[in-house]
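Secondary and tertiary structure notes
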Amino acid sequence: MIDGRKMRKAVCQAGILLFTAGIAGAQTLSERERLIDSIMHPRISEKAALSMQFDESVIGTGIIAEEAAPQSFSFSWTNVGSAPVTVLNVTTSCGCLVPSFDRTPVRPGEKSSLTVTYYPKGHPGPFDRRIFVYTDVSGKRPAAILSLRGDVQPAKVPVWNYRYRMGDLLLKRREVRFEPGRLAVERILCQNAGEKPLTVGVEKDLLPPYVTVWCEPETIAPGDKADILVRYDPEASSSRMLNVVPVILTGLSLPPTQRTIKVVFSSERPEIRTVMP
């Protein structure tokens, strides 16, 4: 079996490159419209289609919770032709739908199937994702175009959008950086993922005079967002400063080490890492 998860990035990038490069080369509005239509609505290879008979070309998923785990669905088909058929590639109209399939030739009269896995996180609302099946007979045109339809119920709190978690408090980051000698304020976006209000404070006695930290609003209702603000005032600092100032939050039922953010003072820019989808 070919794991479609490994193909996810390549499929998305190839589709984007094909789409943008083709449109850039089209000269007139009508040419661009035809090109877009050919990419979004490719014609089926009639010769290849005669060999593949799917039990169903459209599968309805019903309602899926956005926070649910990825769900898989199978499309079964029969080789109704007179020669073996090999599925060479399966692509989808969205990176949230990942295919997997078998390259084993299917002889006349035999059945086979392909599987698609839908990732609902970050994709709330109704959806209609198409699946394009290419075989050794279809050439550049798909032998079949399938569809997965359903509705993703939006999550109350999209926890996957936050990299860090301190109990019920979700945070986009746990570290802020300042350039020494330059007045500045940084924000850390956070959200209450619990069912009770959170009142977030700070162990102020442990902070140096040049660092001020507070939560706005101080009390976060369930499901609501807030900002942890960190202010650096160089005029309040002495000649000696800490390179890293730990900030211990209060109002969270966790050990101090698990409810601490860092304030870093450095003239160097932090390394930027690109996270691939």
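Residues numbered from 1 in each chain as written. Predicted model: local features only at pLDDT ≥ 70, side-chain atom pairs only at ≥ 80, totals over all residues. Heavy atoms only, no water.

The residue Thr86 is located in the loop between β3 (71-79) and β4 (87-92) in this model. Residue Thr86 is classed as buried on the basis of its relative accessible area of 12%. Once the C-alpha coordinates of Thr86 and Arg103 are considered, the two residues, 17 residues apart in sequence, prove to be 5.8 Å apart. With near-sequence residues (within four places) excluded, Thr86 lies in contact with Arg103, Pro105, Tyr134, Thr135 and Asp136. (Helix = DSSP H or I, 4+ residues; strand = E, 2+ residues; numbered from the N terminus. Buried < 20%, exposed > 50% of the residue type's maximum accessible area, 1.4 Å probe, protein only. Contact = heavy atoms within 4.5 Å.)

On to the sheet that holds strand β6 (residues 111-118), then. Reading across from one edge, β1-β3-β6-β5 is the order of the four strands in this open sheet, with antiparallel pairing throughout. Two strands close off the open sheet at either side, each with one partner strand: β1 (52-54) and β5 (97-100). On average, each strand axis in the sheet is inclined to that of its neighbour by 30 degrees, with strand direction left out of account. The pairing of β1 with β3 spans three bridges and is antiparallel. (Pairing = 2+ DSSP bridges. Axes fitted to C-alpha atoms, helices over the stretch in contact; angles between N-to-C directions.)

Let's shift gears to the packing of aromatic side chains. Where two aromatic rings form a pair, the distance of their centres and the angle of their planes describe that pair. Enumeration according to the criterion identifies seven aromatic pairs in this entry. Ring geometry for Phe54 against Trp77: centres 6.3 Å apart, planes inclined by 35 degrees, an arrangement best described as tilted. Of the two residues, Phe54 is situated in strand β1 and Trp77 in strand β3; the sequence distance between them amounts to 23 residues. Ring centres of Phe178 and Tyr232 lie 5.7 Å apart, and the angle between their planes is 45 degrees; on these two criteria the pair is classed as tilted. With a gap of 54 residues between them, Phe178 in strand β11 (residues 175-178) and Tyr232 in strand β17 (residues 225-232) connect regions that are remote in the sequence. (Phe/Tyr/Trp six-rings, centres within 6.5 Å; stacked < 30°, edge-to-face > 60°.)

Before going further, it helps to spend a moment on the environment of Glu203. Assignment of secondary structure puts Glu203 in the loop between β14 (201-202) and β15 (211-216). For the pair formed by Glu203 and Val213, sequence separation is ten residues and the distance between their alpha carbons is 9.2 Å. Not counting the four nearest positions on each side in its chain, Glu203 is found in contact with Ile248 and Thr250.

Bringing the nonpolar core into the picture now. Judged by nonpolar contacts, the single largest core of 28 residues is most densely connected at Phe54, Leu114, Ile131, Val133 and Leu148. For this core, the elements supplying multiple residues, two or more each, are β1, β2 (58-65), β3, β4, β6, β7 (125-135) and β8 (144-153). Counting residues per element, this core draws most heavily on β8, which supplies four residues. In this structure Leu148 touches Ile59, Thr61, Phe73, Leu97, Val116, Tyr118, Phe127, Asp128, Arg129 and Ile131, once residues within four positions along its chain are discounted. By size, the runner-up hydrophobic cluster in this structure holds 27 residues, among which are Val176, Ile188, Leu252 and Phe265. (Core = buried A, V, L, I, M, F, W, Y, C linked by side-chain atoms within 4.5 Å.)

Before going further, it helps to examine the confidence of the model for the protein chain. Summarising the model, the protein chain shows a mean pLDDT of 85, and 81% of its residues fall at 70 or more. Below pLDDT 50 for its whole length, residues 2-20 participates in 24 contacts with residues either more than four positions away or in separate chains. Counting contacts from residues 270-277, a segment whose pLDDT is below 50, to residues more than four positions away or on other chains yields three contacts. (pLDDT = per-residue confidence, 0-100.)

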